[in-house]
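Here is what each chain is made of, one letter per residue.
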Amino acid sequence: MNEANRNLETYFDDVTAEGSVRRLQVVRAGSRYFGIPAENISTIVGWHEPTPLPDAPQSVLGVVSVQGRMLTVLDLARLTAGKADGNDAVRGTAEHIVALRGDEQLALAVNEVSEVMELSSAESNMQRQTSLVSDVFHHENREIEILSLKELFPAAIKGRERRRRRF
């Protein structure tokens, strides 16, 4: 079994044989649309400028406080861009911050928050594009890429070593 299929099995782990659906929040970052599993979103707030972090990768915009939590804001367009798409970043044009659940305390800078939609396993195309995109499907003439959230932080730091506490 290849990695894409394993990730999709994880994605659809609570989809039953009757064809249950998963809820996805659709967002736009740059010119691309992404689906984020709704259960992984803590909240969505209007844009406020993150405090920059020194020596952070370009895809890390800084930190913000959302509902009393300090979150690292990632530029989703820059993070998912290939070399040809590198100028598609949302820096300066983001309108929303999508706060994610989880121990890594991450948030995503996006241009637009769209509808919440339901996707069944039958609609899945199983077209893994990158480690960040677990699936791609088409809806109303748009290509929507489902994010693999566990890959966000590793992709953001791209080989940079995290500072560790020394005891």
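If you're wondering where the values come from, they're calculated on a predicted model, not measured in any experiment.

Definitions and cut-offs
Each chain carries its own residue numbering, running from 1 in the written order of its sequence. In view of the model being predicted, local features appear only for residues whose pLDDT reaches at least 70, and side-chain atom pairs are presented and counted only at 80 or more, with totals across whole chains, interfaces and linings using the full set of residues. Note that water and hydrogens are dropped before the side-chain values are worked out from all heavy atoms of the structure. What makes a nonpolar core is a set of buried Ala, Val, Leu, Ile, Met, Phe, Trp, Tyr and Cys residues whose side-chain atoms join them at distances within 4.5 Å. Each residue gets one of three labels from its accessible area relative to the maximum for its type: buried under 20%, exposed over 50%, partly exposed in between, using a 1.4 Å probe on protein chains only. Numbering of helices and strands runs from the N terminus, with a helix taken as a DSSP run of H or I at least four residues long and a strand as a DSSP run of E at least two residues long. Contacts were defined at the residue level, with two residues in contact if any of their heavy atoms lie within 4.5 Å. Should a side-chain nitrogen of Lys or Arg be within 4 Å of a carboxyl oxygen of Asp or Glu, the pair is scored as a salt bridge. Confidence of the prediction at every residue is given by pLDDT, a number between 0 and 100. The aromatic pairing rule takes the rings of Phe, Tyr and Trp, using the six-membered ring of Trp, and pairs them if the centres are within 6.5 Å, calling planes under 30 degrees apart stacked, those over 60 edge-to-face and the rest tilted. Our definition puts a charge over a ring when NZ of Lys or CZ of Arg is within 6 Å of the ring centre and also within 35 degrees of the ring normal.

Novice: Describe the nonpolar core, and please don't skip the residues or the numbers.
Specialist: Grouped together as the largest cluster of nonpolar side chains are 22 residues, with contacts concentrated most on I36, L74, L76, V98, L100, L108 and L152. Counting residues per element, this core draws most heavily on helix α3 (residues 152-157), which supplies four residues. When neighbours within four sequence positions are excluded, L74 is seen to be in contact with S59, V60, L79, L106, A107, L108, A109, L152 and A156. Ranked by size, the runner-up nonpolar core spans ten residues in total, among them V73, I97, A99 and A109.

Novice: Please set out the pattern of salt bridges residue by residue, giving values where relevant.
Specialist: The tally for this structure, following the rule as stated, stands at five salt bridges. R32 is paired through a salt bridge with E145; the nearest N and O atoms lie 2.7 Å apart. Of this pair, R32 sits in strand β2 (residues 32-37) while E145 sits in strand β10 (residues 142-147); the two residues are 113 residues apart in sequence, bridging distant segments of the chain. A single burial state applies to R32 and to E145, both of which are buried.

Novice: I'd like a description of the confidence of the model for the protein chain, backed by residues and values.
Specialist: When pLDDT is averaged across the protein chain, the result is 79; 70% of the residues are at 70 or more. Every residue in residues 1-18 is under pLDDT 50, and counting partners more than four places away or in other chains gives 27 contacts.

Novice: Could you give an account of the packing of aromatic side chains, naming the residues involved and the relevant values?
Specialist: Counting across every chain of the model gives zero aromatic pairs. We note R142 situated over the ring of Y33; from NZ or CZ to the ring centre the distance is 4.7 Å.

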